[in-house]
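Tertiary structure, described
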Amino acid sequence: MIEIELDGKKVEISEGSMVMHAADKAGTYIPHFCYHKKLSIAANCRMCLVDVEKMPKPMPACATPVTQGMIVRTKSDKAIKAQKSVMEFLLINHPLDCPICDQGGECQLQDLAVGYGGSTSRYEEEKRVVFHKDVGPLISMEEMSRCIHCTRCVRFGQEVAGVMELGMSHRGEHAEIETFVGQTIDSELSGNMIDICPVGALTSKPFRYSARTWELSRRKSVSPHDSTGSNLIIQVKSNKVMRVVPLENEAVNECWIADRDRFSYEALDSAERLTAPMLKQGGEWKTVDWQTALEYVANGLKQIKTNHGAQSIGALVSPHSTLEELHLAAALVRGLGSENIDYRLRNAEFETSDKARYLGTSIASLTHLERVLVVGTNLRKDHPLFAQRIRQAAKMGCQVSALNAQSFDWALPVANALNVPASNWVQALADIAAAIAAEKGVAAPAAGSASEVARAIAVSLLGGERKAILLGNAAAHHAKASSLLALANWIASETGATVGYLTEAANTVGAQIAGALPGMDGLNAGQMLSGGLKAAILLNTEPVLDSAAGEQAAMALDKADMVVTLSPFKANMAFSDVLLPIAPFTETAGTFVNAEGRVQSFFAVVRPLGEARPAWKVMRVLANLLGLPGFDFESSQEVLAAMHRDNGGAPAFVPASRLGNATTASIDVTPANGAPVVASIYQLDSLVRRSTSLQLTADGRGAATQAAGQEALA
């Protein structure tokens, strides 16, 4: 640590830091545009010029290293004059269109121009004009004349997203930020460029011209998509979600969110929204009131229980549902006397465990890994923010190894890639284990003959200190998922690594905690979707798109006597008998548990649309009509408190005693049947599937599902 004097105050800062870092620590604001704490230093806007004693001219605070005894003045006449001069140059070519600019009201240039700009311009020549560019459905580059060439967007692409999609061409006042020969911006993190742009050059195309920033109210929420649990700020006008931006949480999503977190809100007002209960009568759908619909469901369940027994009733639930909804769904099914409930719709194997499968480490620790083996996932598309953290680790020397059916572009250096058909993944992992056993002189857990790549992965995992073995969506859905986990645990124990699942959905861990799993004699999701039910309750899920059964799920459910769909959308209409409109995450309070076991609650940000109601309320009333005890909750907070009564209230993290990835399963290296079913990035859940802009992206135009790289055509 060294000490400097900043505006008369002593500040201690670590050696190698810049003056800007010292100012941040001291709480002193220095105006800037190109500097961003998560990006490399460019020092090209020059707005942060400060007066450093013994320096002949003002120095950029973002690029001037601190030295012992340095004296810095950020408010001296010399500094202020330099900053005002820079501002004058920045405004020379800037268009005077603040009244119509989407950035108006939250623009750094606008704010700083008030303090450092002149009342008139001395520039009388023509301003430069930059031709607009079409870079895809998410980002608007219609007014690039506003660009001040801070290069934040360029550096974000290179350093965070891992893909240099934007760059600067030409020189001087002819310089432009643009894509290479008219290509689109296709990164799954591209929307963050909108946030970090300090002016109105890059704006949100779906949000464009729909509201002014000062008209929006801002409310906190949590992402309902992947297992990161990204913290969000949802901006609302007239009871309508207008925009979604990140809420900074260094331990979870830092200051970034994925594009599906940002743009999936379009689905909330889609034409497919279900706004009133509906019954199918004589093959036609009729809109009814809630009382009629719920009484129909209650009477139907009672009759089916009487005629066929409680075990003919079951629930298929989505891991994108809240903790409270899943808990009440499980309680409702068990209250009827059935154990048939499952969230694992895409799984091919259904191992039982008394502990919830989870990441096995903290999300923040992924940034500091030195060795990592990733099994069965297109990491960049399945978990964009986890991939971003591992990308940062790779930049610091982390050796990344992968076991997949094919090579994927993760936009990061992969040291060792072992590509074999998914049916042979267990054998491939056994080969890696055999190589580790040979290196250490111990017995291997299963027969294996190590290939050159397997040996390279083994050597990599035996080196370094902070290590992890991460099992992706395809590994979790694999027909021999338990064998993969058993081998991963053996490798982890021999190499000192942690082992964990990346986990597919926003509440995969929460679904396990809530008991959304079949009991001792209960049917799993695969059995229920094979025609094992007379009455099916579908919570927030569309089995044709959300399950491994695909179209066969529709045929199986069509044979049931009654299918009840609880969804925000007009879904499952071909085989459902009742549609009950439930509120999406923006219209209900609830809780998600992310991959690391972090419990995050949120509140509704808008009123439910039409007659939609929170699903936990629907199940509470349905249970009351069925005469089931223990359903007298008045709020989702009461449901959560009841779940965690044994833990002294709702904890910030799931207790460690309830989490674990250990298994007693035996290892079977014989080839598995079929390829694991994995949803592509914009087919993961009902919201992203109905977001128009996401479906227009390069990823959205791809296939609806991918079968682990189609088994590499094996």
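Residues numbered from 1 in each chain as written. Predicted model: local features only at pLDDT ≥ 70, side-chain atom pairs only at ≥ 80, totals over all residues. Heavy atoms only, no water.

**Quick look at the environment of Arg-146**
As for its position among the elements, Arg-146 is in the loop between strand 7 (139–141) and helix 4 (152–161). C-alpha separation for the pair Arg-146 and Thr-287, spaced 141 residues apart in sequence, amounts to 51 Å. If sequence neighbours within four positions are ignored, Arg-146 has contacts with His-94, Pro-95, Asp-97, Ile-100, Cys-101, Val-199, Gly-200 and Ala-201. (Helix = DSSP H or I, 4+ residues; strand = E, 2+ residues; numbered from the N terminus. Contact = heavy atoms within 4.5 Å.)

**Some details on the pattern of salt bridges**
One pass over the structure, following the stated rule, counts 36 salt bridges. Two residues, Asp-51 and Lys-78, come together in a salt bridge whose shortest N-O distance is 3.9 Å. Residue Asp-51 is located in strand 3 (residues 49–52), and its partner Lys-78 is located in helix 2 (residues 77–92); the two are separated by 27 residues in the primary sequence. A salt bridge links Glu-587 to Arg-273, with the shortest nitrogen-to-oxygen separation between them at 3.0 Å. (Salt bridge = Lys/Arg side-chain N within 4 Å of Asp/Glu carboxyl O.)

**Quick word on the UniProt feature "domain: 4Fe-4S His(Cys)3-ligated-type" (unreviewed entry) in the chain**
In the numbering used here, UniProt assigns the feature "domain: 4Fe-4S His(Cys)3-ligated-type" (unreviewed entry) to residues 78–117. Taken end to end, residues 78–117 is 60% helix and 0% strand, and its first and last C-alpha atoms sit 16 Å apart. (UniProt positions renumbered as here; feature names shortened; annotations may be inferred.)

**Topic: the state of the cysteines**
In this structure the tally under the stated criterion is zero disulfides. Free of any disulfide, Cys-150 has its nearest cysteine sulfur in Cys-197, 6.1 Å distant. Classification of Cys-150 as buried rests on a relative accessible area of 7%. Note on Cys-255: no disulfide assigned, nearest cysteine sulfur contributed by Cys-150 at a separation of 14 Å. (Disulfide = S-S within 2.5 Å. Buried < 20%, exposed > 50% of the residue type's maximum accessible area, 1.4 Å probe, protein only.)

**With respect to helix 4**
The buried fraction of helix 4 amounts to nine of the ten residues, a majority that puts the element mostly inside the structure. Every buried residue belonging to helix 4 is among Arg-152, Cys-153, Val-154, Arg-155, Phe-156, Gly-157, Glu-159, Val-160 and Ala-161, and all of these are buried. Where helix 4 is buried, its residues meet helix 3 (108–116), strand 8 (167–169), strand 9 (176–178), helix 5 (192–196) and helix 10 (384–395). Gly-162 sits one or two residues past helix 4 and shows a positive phi near 85 degrees.

**What to know about the pairing of strand 2 (residues 9–13)**
In this sheet, strand 2 lies alongside strand 1 (residues 2–6) in antiparallel orientation, the contact comprising five bridges. Bridging from a neighbouring strand, Ile-4 pairs with Val-11 of strand 2. Between strand 1 and strand 2, which pair antiparallel one after the other, the connecting turn spans two residues, and Asp-7 there sits at a positive phi close to 50 degrees. (Pairing = 2+ DSSP bridges.)

**As for the pairing of strand 24 (residues 562–567)**
Counting buried positions along strand 24 yields six of six residues, so the element is predominantly enclosed. By the alternation rule, side chains of strand 24 split into Met-562, Val-564 and Leu-566 and Val-563, Thr-565 and Ser-567, which are all buried. Of the pairings in the sheet, the one linking strand 23 (residues 535–539) to strand 24 comprises five bridges and is parallel in character. Note on strand 24: the bridge partner recorded for Ala-536 is Val-563. Where strand 24 lies against strand 25 (residues 578–581), four bridges are found, and the strand directions are parallel. Of the residues in strand 25, the one forming a bridge with Thr-565 is Leu-579.

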